[in-house]
Amino acid sequence: MSSFFTRDARPDDAASLWALQQAAYSPLARVLPSRPTALDESEAYLRQRLEHVPCQVVVHVGGELVAAGRIEGVAPLGELKRIAVHPARQSLGLGRMLVLALEEKARQLEFVRLRAGTRRRLPGNVAFYERLGYQLVAVEPYPAGIDDETVWLEKRLLARQGEASSSNANGGEPST
């Protein structure tokens, strides 16, 4: 793999982020009973999010933006949102790198727990978060008329004195 790095996302990433979301979420439209809402977000909307959401991270490989995600919420509980890795770059550990970078940002912002939601019909995403130390906390029905469920997983970030937060070195890349 070419050189890679993570950094905070900036408003001028909006076009690249839009292209990444289209590439990452379009294949899911063929396997899910409803269109992923990420596909409906415009470049202008993403630029606005980048200007106002303080915790967004991107991963670059060889100068190309190939993974991105953000944290929303108010401490102590944050939610991982729009975790996406370009399909051509999946299974290289970039999703793991992205989530770990977001977890570090969350710690700096005094989040104690992070929650990730994915669809039941995407069991690879559930397994990805479990490998990173997230635990199943709830399964909720998807909006009325859609045959799916939201699977919620959580991870405690700040360990009590003498304990370390759990994470596993294994990981694939979801688009949730």
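K.L.:
Whenever I open this one, the pattern of salt bridges confuses me. Can you help?
P.N.:
Note that side chains of opposite charge can pair when their charged atoms are close. By the definition in use, this model includes 18 salt bridges. Ionic pairing is found between R89 and E64, a salt bridge with its closest N-O pair at 3.9 Å. Taken together, the residues R89 in the loop between β4 (77-85) and α3 (94-108) and E64 in strand β3 (residues 64-74) connect sequence positions 25 residues apart. R70 is the partner of E72 in a salt bridge, and the nearest nitrogen-oxygen pair spans 2.7 Å. Judged by its relative accessible area of 23%, E72 is partly exposed.

K.L.:
Explain the pairing of strand β7 (residues 149-156) to me, please; I cannot follow it from the model alone.
P.N.:
The two faces of the sheet receive side chains in turn, since in a regular strand these alternate between them. β7 sits mainly inside the fold: 6 of its 8 residues count as buried. As judged from the 7 bridges shared by strand β5 (residues 113-119) and β7, these two strands associate in the antiparallel manner. By the bridge assignment, R115 is partnered in β7 with E154. In the sheet, strand β6 (residues 135-141) pairs with β7 via 6 bridges, with the strands oriented antiparallel.

K.L.:
How should I be thinking about the confidence of the model for the protein chain in this particular structure?
P.N.:
As a general rule, the predicted coordinates of low-pLDDT regions are not to be interpreted in detail. Mean pLDDT over the protein chain stands at 89; residues scoring 70 or higher make up 89%. Taken together, the stretch residues 159-173 has pLDDT below 50 and engages in 34 contacts with residues farther than four places along the chain or on a different chain.

K.L.:
Looking at this structure, I do not really get the nonpolar core. What am I missing?
P.N.:
For soluble globular proteins, nonpolar side chains are generally found buried alongside one another. I71, L80, V99, L102, Y129 and Y134 are the most contacted members of the largest nonpolar core, which has 28 residues in total. Counting residues per element, the ones that place at least two in this core are β2 (56-61), β3, β4, α3, β5, α4 (123-131) and β7. If you tally residues by element for this core, the top one is α3, at 7 residues. What V99 contacts, discounting residues up to four positions off in sequence, is L80, I83, F128, Y129, L132 and Y134.

K.L.:
What should I look at first to understand the side chain of E103 in this one?
P.N.:
With respect to the helices and strands, E103 occurs in helix α3. When neighbours within four sequence positions are excluded, E103 is seen to be in contact with L114, Y134, K155 and L157.

K.L.:
Hey, could you run me through the environment of Q135 in this one?
P.N.:
Mapped onto the secondary structure, Q135 falls in strand β6. According to the relative accessible area criterion, Q135 is exposed, its value standing at 58%. In this structure the C-alpha to C-alpha distance between Q135 and A116, which are 19 residues apart in sequence, comes to 9.6 Å. Contact partners of Q135, with chain neighbours within four places excluded, come to W152, L153 and E154.

K.L.:
Would you explain α3 in this entry?
P.N.:
Helical periodicity: at 3.6 residues per turn, an α-helix aligns residues three or four positions apart in one direction. When the terminal C-alpha atoms of α3 are compared, their 21 Å separation across 15 residues agrees well with the 21 Å that a helix rising 1.5 Å per residue should span. Taken residue by residue, α3 has L94, G95, M97, L98, V99, A101, L102, E103 and A106 as its buried positions. Positive backbone phi, at 70°, marks E110, one or two positions downstream of α3.

K.L.:
Help me understand the sheet that holds strand β1 (residues 4-8) in this model?
P.N.:
Sheet strands associate in pairs through backbone hydrogen bonding, adopting either a parallel or an antiparallel arrangement. Overall, mixed pairing links the 7 strands, which are arranged β1-β2-β3-β4-β5-β7-β6 in an open sheet. Looking at which strands have only one partner, the edges of the open sheet turn out to be β1 and β6. Here the strands of the sheet are splayed against their neighbours by 25° on average, with no regard to which way each runs. Taken together, the 4 bridges between β4 and β5 define a ladder with parallel strand orientation. Each bridged residue has a counterpart across the sheet, and for L80 the counterpart in β5 is A116. α4 contacts β4, β5 and β7 of the sheet and is inclined by roughly 10° relative to β7.

Cut-offs applied
- Residues numbered from 1 in each chain as written.
- Predicted model: local features only at pLDDT ≥ 70, side-chain atom pairs only at ≥ 80, totals over all residues.
- Heavy atoms only, no water.
- Salt bridge = Lys/Arg side-chain N within 4 Å of Asp/Glu carboxyl O.
- Helix = DSSP H or I, 4+ residues; strand = E, 2+ residues; numbered from the N terminus.
- Buried < 20%, exposed > 50% of the residue type's maximum accessible area, 1.4 Å probe, protein only.
- Pairing = 2+ DSSP bridges.
- pLDDT = per-residue confidence, 0-100.
- Contact = heavy atoms within 4.5 Å.
- Core = buried A, V, L, I, M, F, W, Y, C linked by side-chain atoms within 4.5 Å.
- Expected span 1.5 Å × (residues − 1).
- Axes fitted to C-alpha atoms, helices over the stretch in contact; angles between N-to-C directions.

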